[in-house]
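Analysis of the macromolecular model
Next come the chains, spelled out residue by residue.
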Amino acid sequence: MEYDELIAQALTMPFEGWDFGVLRGRMVEDSAALPWDYVELVRGRLPYTGTLLDLGTGGGELLASLAPLPARTAATEGYAPNVPVARKRLEPLGVEVVEVGDDDRLPLPDGSFELIVSRHESYDPAELRRVLKPGGTFITQQVGGQDLAEINRVLGAPGHEYTEWDLAVAVEELAAEGFEVSWRDEALVTSTFHDIGALVLFLRITPWHVPDFDIIRYGDRLRELHDQMRTGHPLTATAHRFALTAHIPA
(Lines give C-alpha, C1' and ligand atoms only; values in the text may rest on other atoms or scores of the structure.)
Protein backbone atom coordinates (compact mmCIF):
# COMPACT_ATOMS: atom_id res chain seq x y z
CA MET A 1 0.00 0.00 0.00
CA GLU A 2 1.00 3.62 -0.49
CA TYR A 3 1.60 6.01 2.40
CA ASP A 4 -1.78 7.77 2.33
CA GLU A 5 -3.68 4.48 2.18
CA LEU A 6 -1.76 2.99 5.12
CA ILE A 7 -2.30 6.13 7.21
CA ALA A 8 -6.03 6.28 6.43
CA GLN A 9 -6.43 2.62 7.34
CA ALA A 10 -4.54 3.09 10.62
CA LEU A 11 -6.73 6.02 11.63
CA THR A 12 -10.04 4.27 10.90
CA MET A 13 -9.41 0.59 11.65
CA PRO A 14 -11.75 -0.63 14.44
CA PHE A 15 -10.00 -1.65 17.64
CA GLU A 16 -11.90 -3.43 20.40
CA GLY A 17 -10.84 -4.52 23.85
CA TRP A 18 -7.09 -4.97 24.17
CA ASP A 19 -6.46 -7.42 21.35
CA PHE A 20 -3.36 -6.55 19.33
CA GLY A 21 -4.20 -9.27 16.85
CA VAL A 22 -4.99 -6.56 14.31
CA LEU A 23 -1.22 -5.88 14.20
CA ARG A 24 -0.19 -9.53 13.81
CA GLY A 25 2.71 -9.81 11.38
CA ARG A 26 3.02 -6.02 11.10
CA MET A 27 4.21 -5.27 14.63
CA VAL A 28 6.17 -8.24 15.93
CA GLU A 29 7.32 -8.41 19.55
CA ASP A 30 9.69 -11.20 20.52
CA SER A 31 7.76 -11.96 23.70
CA ALA A 32 9.01 -15.55 23.56
CA ALA A 33 12.40 -14.15 24.54
CA LEU A 34 11.09 -13.10 27.95
CA PRO A 35 12.59 -15.35 30.65
CA TRP A 36 9.14 -15.78 32.25
CA ASP A 37 5.60 -16.53 31.10
CA TYR A 38 3.04 -14.27 32.76
CA VAL A 39 0.12 -16.51 31.83
CA GLU A 40 1.76 -19.50 33.46
CA LEU A 41 2.65 -17.47 36.56
CA VAL A 42 -1.05 -16.72 37.02
CA ARG A 43 -2.36 -20.11 35.90
CA GLY A 44 -0.15 -21.88 38.41
CA ARG A 45 -1.88 -20.05 41.29
CA LEU A 46 -5.48 -20.53 40.20
CA PRO A 47 -6.04 -24.06 41.59
CA TYR A 48 -5.24 -22.73 45.07
CA THR A 49 -7.23 -19.49 44.79
CA GLY A 50 -10.87 -18.93 45.71
CA THR A 51 -11.02 -15.20 44.94
CA LEU A 52 -9.33 -13.41 42.03
CA LEU A 53 -9.16 -9.81 40.82
CA ASP A 54 -7.78 -8.90 37.37
CA LEU A 55 -6.75 -5.24 37.04
CA GLY A 56 -7.20 -3.54 33.68
CA THR A 57 -8.79 -6.49 31.95
CA GLY A 58 -9.20 -4.67 28.61
CA GLY A 59 -11.81 -6.63 26.69
CA GLY A 60 -11.34 -9.61 29.02
CA GLU A 61 -9.44 -11.59 26.40
CA LEU A 62 -6.63 -12.84 28.62
CA LEU A 63 -8.77 -13.46 31.70
CA ALA A 64 -11.28 -15.50 29.70
CA SER A 65 -8.46 -17.65 28.35
CA LEU A 66 -7.64 -18.73 31.92
CA ALA A 67 -11.04 -20.36 32.54
CA PRO A 68 -12.11 -22.18 34.60
CA LEU A 69 -11.76 -19.27 37.00
CA PRO A 70 -12.09 -19.10 40.79
CA ALA A 71 -15.65 -19.06 42.13
CA ARG A 72 -15.37 -15.37 42.99
CA THR A 73 -13.62 -13.51 40.16
CA ALA A 74 -13.81 -9.81 39.39
CA ALA A 75 -12.09 -7.55 36.88
CA THR A 76 -11.57 -3.80 36.61
CA GLU A 77 -11.40 -1.67 33.48
CA GLY A 78 -10.76 2.06 33.22
CA TYR A 79 -11.26 2.64 29.49
CA ALA A 80 -15.01 3.17 29.07
CA PRO A 81 -15.38 1.68 25.55
CA ASN A 82 -13.83 -1.57 26.80
CA VAL A 83 -16.26 -2.04 29.69
CA PRO A 84 -19.24 -3.40 27.65
CA VAL A 85 -16.82 -5.54 25.61
CA ALA A 86 -15.39 -7.07 28.79
CA ARG A 87 -18.84 -7.60 30.31
CA LYS A 88 -20.10 -9.36 27.21
CA ARG A 89 -17.13 -11.72 27.29
CA LEU A 90 -16.72 -12.23 31.05
CA GLU A 91 -20.16 -12.09 32.65
CA PRO A 92 -21.17 -15.47 31.11
CA LEU A 93 -18.13 -16.86 33.00
CA GLY A 94 -19.44 -15.45 36.28
CA VAL A 95 -16.99 -12.53 36.36
CA GLU A 96 -18.04 -9.15 37.75
CA VAL A 97 -16.59 -6.29 35.66
CA VAL A 98 -16.10 -3.07 37.63
CA GLU A 99 -15.54 0.25 35.87
CA VAL A 100 -12.88 2.38 37.57
CA GLY A 101 -11.49 5.90 37.19
CA ASP A 102 -7.98 7.09 36.45
CA ASP A 103 -6.67 7.27 40.01
CA ASP A 104 -6.17 3.51 40.63
CA ARG A 105 -8.77 3.55 43.41
CA LEU A 106 -10.68 0.29 43.60
CA PRO A 107 -14.41 0.45 44.44
CA LEU A 108 -14.21 -2.89 46.23
CA PRO A 109 -14.42 -3.91 49.90
CA ASP A 110 -11.39 -4.40 52.14
CA GLY A 111 -9.90 -7.89 52.23
CA SER A 112 -11.86 -9.16 49.22
CA PHE A 113 -9.31 -11.19 47.26
CA GLU A 114 -6.65 -13.84 47.73
CA LEU A 115 -4.99 -13.08 44.38
CA ILE A 116 -4.70 -9.85 42.38
CA VAL A 117 -3.13 -9.92 38.92
CA SER A 118 -2.17 -7.09 36.58
CA ARG A 119 -0.75 -7.30 33.08
CA HIS A 120 0.41 -3.91 31.82
CA GLU A 121 -1.99 -2.03 34.14
CA SER A 122 -1.09 0.66 36.65
CA TYR A 123 -1.86 0.11 40.33
CA ASP A 124 -1.71 1.76 43.73
CA PRO A 125 0.20 -0.41 46.25
CA ALA A 126 -1.91 0.93 49.13
CA GLU A 127 -5.11 -0.07 47.34
CA LEU A 128 -3.70 -3.50 46.58
CA ARG A 129 -2.96 -4.04 50.25
CA ARG A 130 -6.42 -2.82 51.25
CA VAL A 131 -8.37 -5.21 49.02
CA LEU A 132 -6.07 -8.21 49.48
CA LYS A 133 -6.80 -10.72 52.21
CA PRO A 134 -4.02 -11.36 54.77
CA GLY A 135 -1.52 -13.66 53.08
CA GLY A 136 -2.79 -12.56 49.67
CA THR A 137 -0.64 -12.47 46.54
CA PHE A 138 -0.06 -9.91 43.79
CA ILE A 139 1.34 -10.93 40.38
CA THR A 140 2.13 -8.36 37.73
CA GLN A 141 3.88 -7.87 34.43
CA GLN A 142 4.59 -4.23 33.65
CA VAL A 143 5.72 -2.13 30.70
CA GLY A 144 8.90 -0.37 31.81
CA GLY A 145 9.59 3.31 31.35
CA GLN A 146 12.17 2.76 28.60
CA ASP A 147 9.69 0.85 26.44
CA LEU A 148 10.06 1.47 22.69
CA ALA A 149 11.98 4.70 23.33
CA GLU A 150 13.40 4.42 19.81
CA ILE A 151 9.99 5.47 18.44
CA ASN A 152 10.17 8.76 20.30
CA ARG A 153 13.73 9.36 19.18
CA VAL A 154 13.13 8.62 15.49
CA LEU A 155 10.06 10.88 15.48
CA GLY A 156 11.85 13.62 17.39
CA ALA A 157 9.11 13.39 20.03
CA PRO A 158 9.41 14.03 23.79
CA GLY A 159 10.39 11.06 25.95
CA HIS A 160 8.05 8.88 27.95
CA GLU A 161 6.13 10.41 30.83
CA TYR A 162 7.08 7.45 33.03
CA THR A 163 10.73 7.01 32.11
CA GLU A 164 11.77 6.13 35.69
CA TRP A 165 9.29 3.26 36.03
CA ASP A 166 11.26 0.01 36.42
CA LEU A 167 11.56 -3.10 38.57
CA ALA A 168 13.58 -1.43 41.33
CA VAL A 169 11.02 1.35 41.74
CA ALA A 170 8.10 -1.10 41.78
CA VAL A 171 9.75 -3.29 44.43
CA GLU A 172 10.53 -0.26 46.60
CA GLU A 173 6.96 1.03 46.39
CA LEU A 174 5.45 -2.35 47.29
CA ALA A 175 7.88 -2.86 50.18
CA ALA A 176 6.82 0.52 51.58
CA GLU A 177 3.26 -0.87 51.87
CA GLY A 178 4.37 -4.04 53.64
CA PHE A 179 4.60 -6.39 50.66
CA GLU A 180 7.28 -9.06 50.50
CA VAL A 181 8.54 -9.65 46.95
CA SER A 182 9.31 -13.35 46.51
CA TRP A 183 10.24 -13.31 42.82
CA ARG A 184 11.22 -10.64 40.28
CA ASP A 185 12.74 -10.31 36.81
CA GLU A 186 13.30 -7.67 34.14
CA ALA A 187 14.11 -7.94 30.44
CA LEU A 188 14.48 -6.15 27.12
CA VAL A 189 13.15 -7.77 23.94
CA THR A 190 12.95 -6.70 20.31
CA SER A 191 9.82 -5.22 18.77
CA THR A 192 9.69 -4.60 15.00
CA PHE A 193 7.31 -2.41 12.98
CA HIS A 194 7.12 -3.52 9.36
CA ASP A 195 4.94 -0.77 7.89
CA ILE A 196 4.04 2.81 8.75
CA GLY A 197 0.37 1.95 9.20
CA ALA A 198 1.25 -0.46 12.00
CA LEU A 199 3.24 2.24 13.78
CA VAL A 200 0.47 4.83 13.45
CA LEU A 201 -2.18 2.38 14.65
CA PHE A 202 0.02 1.48 17.64
CA LEU A 203 0.39 5.17 18.54
CA ARG A 204 -3.33 5.72 18.09
CA ILE A 205 -4.23 3.00 20.62
CA THR A 206 -1.42 3.89 23.05
CA PRO A 207 -1.79 7.69 23.21
CA TRP A 208 0.47 7.96 26.27
CA HIS A 209 3.49 6.86 24.23
CA VAL A 210 3.70 10.08 22.20
CA PRO A 211 1.07 12.31 23.86
CA ASP A 212 1.20 15.01 21.16
CA PHE A 213 1.15 12.54 18.26
CA ASP A 214 -0.49 13.86 15.14
CA ILE A 215 0.05 12.75 11.55
CA ILE A 216 0.47 16.36 10.44
CA ARG A 217 2.91 17.34 13.19
CA TYR A 218 5.05 14.26 12.58
CA GLY A 219 4.28 13.93 8.87
CA ASP A 220 7.81 14.45 7.56
CA ARG A 221 9.30 11.85 9.91
CA LEU A 222 6.50 9.40 9.15
CA ARG A 223 7.08 9.69 5.40
CA GLU A 224 10.81 9.14 5.87
CA LEU A 225 10.10 6.01 7.89
CA HIS A 226 7.61 4.80 5.29
CA ASP A 227 10.26 5.12 2.57
CA GLN A 228 12.76 3.16 4.70
CA MET A 229 10.24 0.41 5.47
CA ARG A 230 9.35 0.02 1.79
CA THR A 231 13.00 -0.71 1.03
CA GLY A 232 13.14 -3.53 3.59
CA HIS A 233 14.32 -1.58 6.63
CA PRO A 234 11.67 -1.95 9.36
CA LEU A 235 11.75 0.11 12.53
CA THR A 236 13.29 -1.96 15.31
CA ALA A 237 12.71 -0.89 18.90
CA THR A 238 13.32 -2.31 22.37
CA ALA A 239 10.39 -3.43 24.54
CA HIS A 240 11.01 -3.03 28.28
CA ARG A 241 9.22 -5.51 30.55
CA PHE A 242 9.42 -6.54 34.18
CA ALA A 243 7.44 -8.87 36.38
CA LEU A 244 7.17 -9.78 40.05
CA THR A 245 5.26 -11.78 42.60
CA ALA A 246 4.61 -10.25 46.03
CA HIS A 247 2.47 -11.10 49.02
CA ILE A 248 1.17 -9.64 52.25
CA PRO A 249 2.30 -11.64 55.30
CA ALA A 250 -0.58 -13.53 56.91
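What comes next concerns the included structure. (Residues numbered from 1 in each chain as written. Predicted model: local features only at pLDDT ≥ 70, side-chain atom pairs only at ≥ 80, totals over all residues. Heavy atoms only, no water.)

1. Examining unusual backbone geometry
In the segment running from alanine 67 into proline 68, the intervening peptide bond is cis, with an omega of 5°. Phi is positive for leucine 148, close to 50°, though the residue is something other than glycine. With respect to the secondary-structure elements, leucine 148 resides in the loop between β6 (132-143) and α6 (149-155). Of the residues examined, leucine 148 reaches a relative accessible area of 2% and is grouped as buried. (Helix = DSSP H or I, 4+ residues; strand = E, 2+ residues; numbered from the N terminus. Buried < 20%, exposed > 50% of the residue type's maximum accessible area, 1.4 Å probe, protein only.)

2. Some words on the pattern of salt bridges
Within the structure shown, the criterion is met by 11 salt bridges. The salt bridge partner of arginine 26 is aspartate 195, with a shortest N-O separation of 2.8 Å. Placement of the pair is arginine 26 in the loop between α1 (3-12) and β1 (27-29) and aspartate 195 in the loop between β7 (180-193) and α8 (196-205), with a sequence separation of 169 residues. The two residues arginine 26 and aspartate 195 agree in class, both being buried. (Salt bridge = Lys/Arg side-chain N within 4 Å of Asp/Glu carboxyl O.)

3. A closer look at the pairing of β6
Relative to β6, strand β5 (residues 113-119) is paired through six bridges, and the arrangement is parallel. For serine 118, the partnering residue across the bridge sits in β6 and is threonine 140. The β-α-β motif built from β5, the intervening helix α5 (residues 125-131) and the parallel element β6 has right-handed crossover chirality. Where β6 lies against strand β8 (residues 235-247), seven bridges are found, and the strand directions are antiparallel. Following the sheet pairing, glutamine 142 is matched in β8 by phenylalanine 242. (Pairing = 2+ DSSP bridges. Right-handed = clockwise from strand over helix to strand, strands pointing away.)

4. Focus on the nonpolar core
Core analysis: the biggest nonpolar cluster contains 34 residues, and Ile151, Leu155, Phe193, Ile196, Leu199 and Leu222 have the highest contact counts within it. Secondary-structure elements contributing two or more residues to this core are α1, α6, β7, α8, α9 (219-230) and β8. Per-element accounting of this core gives the leading share, eight residues, to α8. Apart from the residues lying within four places of it in its own chain, the contact partners of isoleucine 196 are Tyr3, Leu6, Ile7, Leu222, Leu225, His226 and Met229. In terms of nonpolar packing, the next biggest core, distinct from the first, is built from 25 residues, Ile116, Val181, Phe242 and Ala246 among them. (Core = buried A, V, L, I, M, F, W, Y, C linked by side-chain atoms within 4.5 Å. Contact = heavy atoms within 4.5 Å.)

5. Things to note about the sheet that holds β1
Strand order in the open sheet formed by eight strands is β1-β7-β8-β6-β5-β2-β3-β4, and the pairing between neighbours is mixed. Both edges of this open sheet fall to β1 and β4 (95-99), since each of them pairs with a single strand only. Averaged over all pairs of adjacent strands, the angle between their axes in this sheet comes to 20°, without regard to strand direction. Where strand β2 (residues 51-55) lies against β5, four bridges are found, and the strand directions are parallel. Across the sheet, the residue bridging to leucine 53 is isoleucine 116, located in β5. Packing against the sheet, helix α4 (residues 82-90) makes contact with β3 (72-77) and β4, and its axis sits at approximately 175° to β4. (Axes fitted to C-alpha atoms, helices over the stretch in contact; angles between N-to-C directions.)

6. Structural notes on the packing of α1 against α8
Packing of α1 against α8 leaves a shortest axis separation of 8 Å and a crossing angle of 25°. Classified by the angle between their axes, α1 and α8 sit roughly parallel to one another. Regarding α1 and α8, the two cross each other, and that crossing is right-handed. Across the interface between the two elements, Tyr3, Leu6, Ile7, Ala10, Leu11 and Thr12 from α1 touch Ile196, Gly197, Val200, Leu201 and Arg204 from α8. Class assignment for the residues of the contact of α1 with α8 results in eight nonpolar, two polar and one charged. (Parallel < 35°, antiparallel > 145°, perpendicular 65-115°, else oblique. Left-handed = near helix turned anticlockwise from the far one by under 90°. Nonpolar A, V, L, I, M, F, W, Y, C, P; charged D, E, K, R; others polar.)

7. Structural notes on the packing of α8 against α9
Closest axis-to-axis distance for the α8/α9 pair is 9 Å, and the angle between their directions is 135°. With respect to each other, α8 and α9 are oriented oblique. Here Ile196, Leu199 and Val200 of α8 come into contact with α9, specifically with Leu222, Leu225, His226 and Met229. Its residues assigned to classes, the contact of α8 with α9 comprises six nonpolar, one polar and no charged.

8. Section: α8
By the criterion of burial, α8 is predominantly enclosed, with nine of the 10 residues buried. Of the positions making up α8, those classed as buried are Ile196, Gly197, Ala198, Leu199, Val200, Leu201, Phe202, Leu203 and Ile205. Close packing links the buried residues of α8 with α1, β1, α6, β7, α9 and β8. The backbone nitrogen of glycine 197 lies 2.9 Å from a side-chain oxygen of the residue at the head of α8, namely aspartate 195. (Polar contact = N/O pair within 3.5 Å; in protein donor to acceptor, adjacent residues only side chain to side chain.)

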